[in-house]
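So you can see what is in the structure, the chains are spelled out below.
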Amino acid sequence: RHGLPLQPFYDLLDAFSQDVTKKRYADFGEVMDYCRRSANPVGLLLLHLYGAATERNISYSNAICSSLQLINFLQDVAIDYHDKDRIYLPQDELAKYRVTEAQIARGDSSGMWKPLMQTQIERARQLLQAGAPLGRILQGRIGLEMRMIIMGGETILRKLHKSGGNVFSERPVLKPGDWVYMLYRALRQK
């Protein structure tokens, strides 16, 4: 009825299938390939539903969706490891910062954990900022929702940064005060 492209659905199914078998990611390229299939299709489908799937908007949406997926990975390092035996942090970067799986298993944020996480946080922030113009391009309700989504990502990144990336003692989440502040800012950014 809406004439949605089928490829994003195939990409999502492919990413879901990969989740069953792939538990580690060798490098950031592999992580981004997963984001391309697990997160970006959602934004693409929404743009199609709103009749706003231009090349520029898709590029902004991909940056936002990938960033949000990375932010989710950062929030859920402990949950992904303990509940799903998954680590989305690139293996080559874990080695570079001398962070081991045993350290993640212990919930140990000492040593080079903070610099590793700050690198991940900054990369996610840059991606989110690269897509942020989409929140001002889209009009009406979808524009407001997009600005709220972007601000939600920014807020979680600030919390991650403030904690030094210590996601083991407390998972950063949006609280009621955050939502009020985000709505205020989103309404002002029209």
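Refer to the preceding data block for the structure.
Here goes a summary of the coordinates provided. For clarity, every value in this text was computed on a predicted model and none was experimentally measured.

1. What about the overall build of the protein?
Along the protein, the regular secondary structure elements total eleven helices and zero strands. Reading the protein from its N terminus to its C terminus gives the helix and strand order α-α-α-α-α-α-α-α-α-α-α. The C-alpha atoms of the protein give a radius of gyration of 17 Å, which matches the 16 Å a tight globule of 190 residues would have. Once the C-alpha set of the protein is aligned to its principal axes, its extents read approximately 50 × 35 × 25 Å. Counting all 190 residues of the protein, 45% fall into the buried class. Contacts in the protein between residues far apart in sequence, at least 24 positions, make up 70% of those at least 6 positions apart. Between the centroid of the 26 positive side chains of the protein and the centroid of its 20 negative side chains there is a distance of 8 Å.

2. Digging into the nonpolar core
Ranked by internal contacts, the top residues of the largest apolar core, which has 41 residues, are Leu89, Ile104 and Trp113. At the level of elements, α2 (28–38), α4 (55–75), α5 (77–84), α8 (113–131) and α10 (140–162) are the ones that each hand at least two residues to this core. Among the elements that line this core, the one with the most residues is α8, at seven residues. Apart from the residues within four sequence positions on either side, Trp113 is in contact with Val77, Leu89, Val99, Gln103, Ile104, Asp108, Gly164, Gly165, Asn166, Val167 and Phe168.

Calculation notes
- Residues numbered from 1 in each chain as written.
- Predicted model: local features only at pLDDT ≥ 70, side-chain atom pairs only at ≥ 80, totals over all residues.
- Heavy atoms only, no water.
- Helix = DSSP H or I, 4+ residues; strand = E, 2+ residues; numbered from the N terminus.
- Rg over C-alpha atoms; globule rule 2.2 N^0.38 Å.
- Buried < 20%, exposed > 50% of the residue type's maximum accessible area, 1.4 Å probe, protein only.
- Contact = heavy atoms within 4.5 Å.
- Lys, Arg positive; Asp, Glu negative; His and termini not counted.
- Charge placed at Lys NZ, Arg CZ, Asp CG, Glu CD.
- Core = buried A, V, L, I, M, F, W, Y, C linked by side-chain atoms within 4.5 Å.

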